[in-house]
Amino acid sequence: MKVIKLDAIDSTNEFLKGLANKQEVDNYTIVTAKNQTKGKGQMGSVWNTESGKNLIMSILVKDFLSDINRLFDLNIAVAVAVHSVLNEMGIPGLSIKWPNDIMSYNKKIGGILIENSIKSDATFSSIVGFGLNVNQTNFEMLPKASSLAVVTNRNFEVDSLAVKIGEAIFKITSDMKSNSVFYWNQYDGVLFKKGIPMAFEAPLKGRFMGIITGVSVIGKVQIMLEDDTVEEFDIKEVQMLY
């Protein structure tokens with residue numbers, strides 16, 4: 001797969017999106033950067049990183065999605081791909097925090113942002129952005145963040161990580177259509193805090209106790225409430241208090 005390496009950019013997602021709009025770009029092209037000035041997270045949140053110490057990458061995935069109701073399948077594929085690579089590397093305490101944060105124990109080490117677009121011929125194209133805290137060790141202003149270096153006490157080669165993750169995304173997205181249940185089960189099996197009573201907060205409900213039971217086919221988290229009913233929440237409709 002083709003890898004484009006940049007020193008600094010506002011956003012690898014925006015760079016790859018702009019490139020794909022101007023010319024034909026090979027499927028699974030990867031863009032990496034040592035530093036980005038306008039990194040984005042879910043729903044427009046900001047992700048800051050120390051230059052050269054972390055993995056900042058975006059990958060173009062074309063012709064994977066065919067049904068607008070199955071958009072979350074790509075989230076599943078990417079999150080499981082990243083989890084599998086880090087698991088093979090021996091990173092401890094791994095889990096996936098809904099919808100697609102990568103956790104080590106109770107700390108976030110990585111995040112995924114997927115931007116989908118549909119073309120005039122009804123085909124989908126997706127830009128998968130991924131940030132992974134690799135060799136950064138100072139998280140003074142981010143008490144819920146950590147890195148591979150912190151949890152393992154060793155440093156890692158960032159460029160090779162990008163290729164490993166890209167290859168895993170290619171493998172799983174290629175296999176997903178015929179084995180989607182398998183990958184959904186993998187995701188479900190490593191879901192952060194699943195089955196554990198914990199506190200949540202929602203704008204319309206305030207604070208409440210609940211238990212994560214799973215994720216719906218369209219990507220909503222399913223939480224069992226104290227009256228044993230199950231309610232579904234979309235991104236930013238609920239916050240875990242852990």
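In the nomenclature of an unreviewed UniProt entry, the chain is known as Biotin--[acetyl-CoA-carboxylase] ligase of Flavobacterium erciyesense.

Section: the sheet that holds strand β2 (residues 30-36)
The strand order across the open sheet formed by seven strands is β1-β2-β3-β7-β6-β5-β4, and the pairing between neighbours is mixed. Every interior strand has two partners, whereas the edge strands, β1 (3-9) and β4 (94-97), have only one. Neighbour-to-neighbour, the strand axes of this sheet turn through a mean angle of 20 degrees, independent of strand direction. Docked against the sheet, helix α1 (residues 12-22) engages β1, β2, β3 (55-62), β6 (107-118) and β7 (124-132), running at close to 30 degrees with respect to β3. In the packing of helix α4 (residues 158-189) onto the sheet, the strands contacted are β1, β2, β3, β4 and β7, and the crossing angle to β3 comes to about 45 degrees.

Quick notes on the packing of aromatic side chains
Summed over the entire model, instances satisfying the criterion amount to seven aromatic pairs. With 6.0 Å between their ring centres and 90 degrees between their planes, Phe-72 and Tyr-187 make a pair best called edge-to-face. Taken together, the positions of Phe-72 in helix α2 (residues 72-88) and Tyr-187 in helix α4 put the pair 115 residues apart, joining distant regions of the chain. The exposure class of Phe-72 is buried, given its relative accessible area of 6%. Taken together, Phe-72, Trp-184 and Tyr-187 form an aromatic cluster joined through their ring pairs. The cationic tip of Lys-144 hangs over the ring face of Tyr-242; the distance from NZ or CZ to the ring centre is 4.2 Å. The lysine or arginine in question, Lys-205, covers the ring of Phe-208, its NZ or CZ lying 5.4 Å from the ring centre.

As for the sheet that holds strand β10 (residues 221-225)
With antiparallel pairing, the five strands of this open sheet are ordered in space as β11-β10-β9-β8-β12. If you trace the sheet from one side to the other, it starts and ends with β11 (230-233) and β12 (239-241), each paired once. On average, each strand axis in the sheet is inclined to that of its neighbour by 50 degrees, with strand direction left out of account. Relative to β12, strand β8 (residues 198-202) is paired through three bridges, and the arrangement is antiparallel. When the bridges of β12 are listed, Phe-200 appears paired with Met-240.

Each value, and the rule that gives it
- Residues numbered from 1 in each chain as written.
- Predicted model: local features only at pLDDT ≥ 70, side-chain atom pairs only at ≥ 80, totals over all residues.
- Heavy atoms only, no water.
- Pairing = 2+ DSSP bridges.
- Helix = DSSP H or I, 4+ residues; strand = E, 2+ residues; numbered from the N terminus.
- Axes fitted to C-alpha atoms, helices over the stretch in contact; angles between N-to-C directions.
- Contact = heavy atoms within 4.5 Å.
- Phe/Tyr/Trp six-rings, centres within 6.5 Å; stacked < 30°, edge-to-face > 60°.
- Buried < 20%, exposed > 50% of the residue type's maximum accessible area, 1.4 Å probe, protein only.
- Lys NZ or Arg CZ within 6 Å of the ring centre and 35° of its normal.

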